[in-house]
Amino acid sequence: MSALGRGMAETTEAQAFRDSLRSFVQREIAPHVDAWDEAGEFPRALYRRASELGLLQLGYPEALGGTPCGLRWRLIVSEELARSGSGGLLASLFSHNIGLPPIVAQGSPQLQQRVVPPVLAGEKIAALAITEPSGGSDVARVKTHAVLEGDHWVIRGEKTFITSGLRADWLTVAVRTGGPGAAGLSLMAVPGDAVGLHRTPLKKMGWWCSDTATLHFDAVRVPAANLIGEPGSGFRQIMGNFNGERLLLAAGSLAFAEVCYEDALDWARQRETFGVRLVEHQVIRHKLMDMRMHLRATRALLSEVVQLHDDTPPGVPLAPEVVADICLLKNQATQTLQFCADQAVQILGGMGFMRGTRCERIYREVKVMTIGGGTEEIMKELAARQLG
Ligand SMILES: Cc1cc2nc3c(=O)[nH]c(=O)nc-3n(C[C@H](O)[C@H](O)[C@H](O)COP(=O)(O)OP(=O)(O)OC[C@H]3O[C@@H](n4cnc5c(N)ncnc54)[C@H](O)[C@@H]3O)c2cc1C
């Protein structure tokens, strides 16, 4: 039973990048994740460190302090950071990857310059706020509303389950600026220190070191220029933004599933029961092979969908079939994660239930992957609709 391959040949440059990330995770993250999880947060200084290593900047324009590149490079970051076994760390450290893209794509040049470079430098934190207490799946029914009063928008409403919600310096917020339905939605950049913005922390099943919050907008005033794109363009922007988020969630899920396989295999090779190593029991070997089968299939699909994504020129909308494939890939990857986390904890036995093992944390963090960024049910629905 050999180690898992990457599914496709990587360039020397990509391999070197992967190796440098692996040692960063081993030296600067893995030894601390348990303590960060128990503390409910990781040090803010980690954003600067991630920027020093060039991780926050990947995929953003040079003019805004970024490093333009294909999605593959970001996936390498997701995969290698997943080796820490902490989904919460990935979610918060990279929340800018869901908060910034609308600003980069549609924000005014002044707004872009104000928001993006400090976030990519690790000095500020960005987040995305769409979900509301009344629901997250049906984005077209967002209730938080913004009214133009003179040269300011005045926002009233509530958002919930927002990653980096407490610490974010900039929030990209979905608001209703027009009538009911998708056509009435807009996106707006709201500074974290805006008067009237109140934030409350939430406790969760997993992702403990990630900050998750409810946000109350009590007549929050933001300059008219903080509108991102045209009024009414919010729904289209949100849907486009979801594609990148779902691909990254799929890559992260697969990487966590691979960690489960590796840890289960290691354990099965060392642990002895009934006078032989676990791996010598056929039942255990078969569990490992079932895990590997799911992992290999998911990796192949991920490689294909990433290729389709990267073949689409920047600025050109993805073809409906590609959007459908991204939705199905997210489900494939999260189901693989569910299966592998379950099998791994079983193979580790009581040790799999103990804090401090990667499998224990990953098992607790499985569910959020099938819910965040669009639930499993909504992914199927959206894929079916794309295919007509
Ligand atoms: C830890 C965490 C972090 C998050 N971070 C963010 C963030 O940073 N920003 C943000 O905006 N949101 C965030 N979310 C919210 C997340 O995107 C939503 O939870 C998700 O979209 C589902 O919305 P909901 O929870 O309101 O469930 P609902 O929309 O109320 O759905 C409840 C259930 O019903 C199912 N369902 C709904 N409609 C249908 C249908 N038509 N057919 C079949 N089944 C249906 C859903 O699949 C789900 O199983 C986060 C969530 C979590 C848990």
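Quick caveat, the model's predicted, so the values are computed rather than measured.

### Topic: the overall build of the protein
In step 1: Of the regular secondary structure elements, the protein holds 13 helices and 10 strands.
In step 2: A globule of 388 residues ought to have a C-alpha radius of gyration of about 21 Å, and the protein, at 21 Å, matches this closely.
In step 3: Taking the principal axes of the C-alpha coordinates as reference, the protein spans close to 80 × 45 × 40 Å.
In step 4: Across the 388 residues of the protein, 53% fall into the buried class.
In step 5: Taking all contacts inside the protein whose residues are at least 6 apart in sequence as the whole, residues at least 24 apart take part in 75%.
In step 6: Approximately 17,000 Å² of the protein is accessible, and the part contributed by carbon and sulfur atoms is 56%.
In step 7: Each charge class in the protein was averaged separately, 40 positive and 42 negative side chains, and the resulting centres sit 2 Å apart.

### What about the nonpolar core?
In step 1: Counting 90 residues, the largest nonpolar core has L55, L81, I155, L171, V190, L288 and M291 as the members making the most contacts within it.
In step 2: The greatest single-element share of this core, amounting to 15 residues, is contributed by helix α9 (residues 234-270).
In step 3: Core analysis: the next-biggest nonpolar cluster, separate from the first, contains 23 residues, L64, V116, A126 and A174 among them.

### A word on the environment of R83
In step 1: With respect to the element layout, R83 can be found in the loop between α4 (71-82) and α5 (87-93).
In step 2: Along the sequence, R83 and V259 sit 176 residues apart, while their C-alpha atoms lie 6.4 Å from each other.
In step 3: In this structure, R83 is in contact with R22, V25, V259, E262 and R358, ignoring residues within four places of it in sequence.

### A short note on helix α10 (residues 282-311)
At 3.6 residues per turn, the α-helix brings residues three or four places apart onto the same side.
In step 1: If you check α10, its first and last C-alpha atoms are 43 Å apart, about what 30 residues at 1.5 Å a residue would give, namely 44 Å.
In step 2: Of the positions making up α10, those classed as buried are I284, L288, M291, R292, L295, T298, R299, L302, S303, V305, V306 and H309.
In step 3: Considering only its buried residues, α10 is in contact with α4, α9 and α11 (320-348).

### Re the site of the ligand
In step 1: As a matter of local geometry, the ligand sits amid 18 residues, with T131, G136, S137, T375 and E377 nearest to it.
In step 2: One nitrogen or oxygen atom from the main chain of I130 is found 2.8 Å from an oxygen atom belonging to the ligand.
In step 3: Expressed as a share of its isolated accessible area of 970 Å², the protein-covered part of the ligand is 63%.
In step 4: Put simply, the parts of the chain that give the shell around the ligand at least two residues each are β1 (126-129), β3 (152-163), α12 (358-371) and α13 (376-386).
In step 5: By residue number, the principal contributor to the shell around the ligand is β3, which donates 3 residues.
In step 6: Here the shell around the ligand is composed, by residue class, of 10 nonpolar, 7 polar and 1 charged.
In step 7: Viewed by domain, the shell around the ligand spans two of them, domain 2 (126-230) and domain 3 (235-386), each represented by three or more residues.

### Some thoughts on the pattern of salt bridges
In step 1: What the rule picks out here adds up to 20 salt bridges.
In step 2: Taking the shortest distance from any N to any O, the salt bridge between D37 and R361 comes out at 2.8 Å. On the criterion of sequence distance, the pair formed by D37 in helix α2 (residues 33-39) and R361 in helix α12 is long-range, its members being 324 residues apart.
In step 3: On the basis of relative accessible area, R361 is assigned to the buried category, the value being 3%.
In step 4: Between R277 and E280 there is a salt bridge; the shortest N-O distance is 3.0 Å.
In step 5: For E280, a relative accessible area of 40% puts it in the partly exposed group.
In step 6: Among the charged side chains, a salt-bridge network with shared partners connects R18, R22, E79, E80, E258 and R299.

### Re the state of the cysteines
In step 1: By the definition in use, this model includes 0 disulfides.
In step 2: Counting only cysteine sulfurs, C260 is the nearest neighbor of C209, a cysteine outside any disulfide, at a range of 17 Å.
In step 3: Among the residues examined, C209 registers a relative accessible area of 1% and is labelled buried.

### Examining unusual backbone geometry
In step 1: Located in the positive-phi region is S164, a residue other than glycine, with phi close to 65 degrees.
In step 2: Positive phi is not limited to glycine here, since F274 has a value of about 50 degrees.
In step 3: Mapped onto the elements of the fold, F274 is located in the loop between β9 (272-273) and β10 (276-277).

### Some points on the side chain of H96
In step 1: Mapped onto the elements, H96 comes out in helix α6 (residues 96-99).
In step 2: Polar contacts involving the side chain of H96 include one to the side chain of N97, which spans 3.3 Å.
In step 3: Setting aside residues up to four positions removed in sequence, H96 forms contacts with L56, Y60, P101, V119, L120 and A126.

### What to know about the domain arrangement of the protein
In step 1: Per the domain assignment, the segments making up the protein are domain 1 (12-120), domain 2 (126-230) and domain 3 (235-386).
In step 2: For domain 1 versus domain 3, the distance between C-alpha centres works out to 20 Å.
In step 3: Tallying the contact residues gives 24 residues for domain 1 and 25 residues for domain 3.
In step 4: Buried area between domain 1 and domain 3, both sides added, is near 2,100 Å², and the carbon and sulfur share of it is 51%.
In step 5: Area buried by domain 1 at its contact with domain 3 is led by L71, R72 and R83, which between them contribute 27% of it.
In step 6: Joining domain 1 to domain 3, the criterion identifies 5 salt bridges.
In step 7: Residue R83 pairs with E262 through a salt bridge whose shortest N-O separation is 2.8 Å.
In step 8: Linking domain 1 with domain 3 are 11 residue pairs in polar contact (both at pLDDT 80 or more).
In step 9: The set of elements that each furnish at least two residues to the side of domain 1 that touches domain 3 consists of α2, α4, α5, α6 and α7 (101-106).
In step 10: Per-element tally for the side of domain 1 that touches domain 3: the top contributor is α4, with 7 residues.
In step 11: Here the side of domain 1 that touches domain 3 is composed, by residue class, of 8 nonpolar, 9 polar and 7 charged.

About the thresholds
- Residues numbered from 1 in each chain as written.
- Predicted model: local features only at pLDDT ≥ 70, side-chain atom pairs only at ≥ 80, totals over all residues.
- Heavy atoms only, no water.
- Helix = DSSP H or I, 4+ residues; strand = E, 2+ residues; numbered from the N terminus.
- Rg over C-alpha atoms; globule rule 2.2 N^0.38 Å.
- Buried < 20%, exposed > 50% of the residue type's maximum accessible area, 1.4 Å probe, protein only.
- Contact = heavy atoms within 4.5 Å.
- Areas by Shrake-Rupley, 256 points an atom, 1.4 Å probe, with all protein chains shown as cover.
- Lys, Arg positive; Asp, Glu negative; His and termini not counted.
- Charge placed at Lys NZ, Arg CZ, Asp CG, Glu CD.
- Core = buried A, V, L, I, M, F, W, Y, C linked by side-chain atoms within 4.5 Å.
- Expected span 1.5 Å × (residues − 1).
- Near = heavy atom within 4 Å.
- Polar contact = N/O pair within 3.5 Å; in protein donor to acceptor, adjacent residues only side chain to side chain.
- Nonpolar A, V, L, I, M, F, W, Y, C, P; charged D, E, K, R; others polar.
- Domains from an automatic or database assignment.
- Salt bridge = Lys/Arg side-chain N within 4 Å of Asp/Glu carboxyl O.
- Disulfide = S-S within 2.5 Å.
- Buried area = accessible area lost by both parts, 1.4 Å probe.

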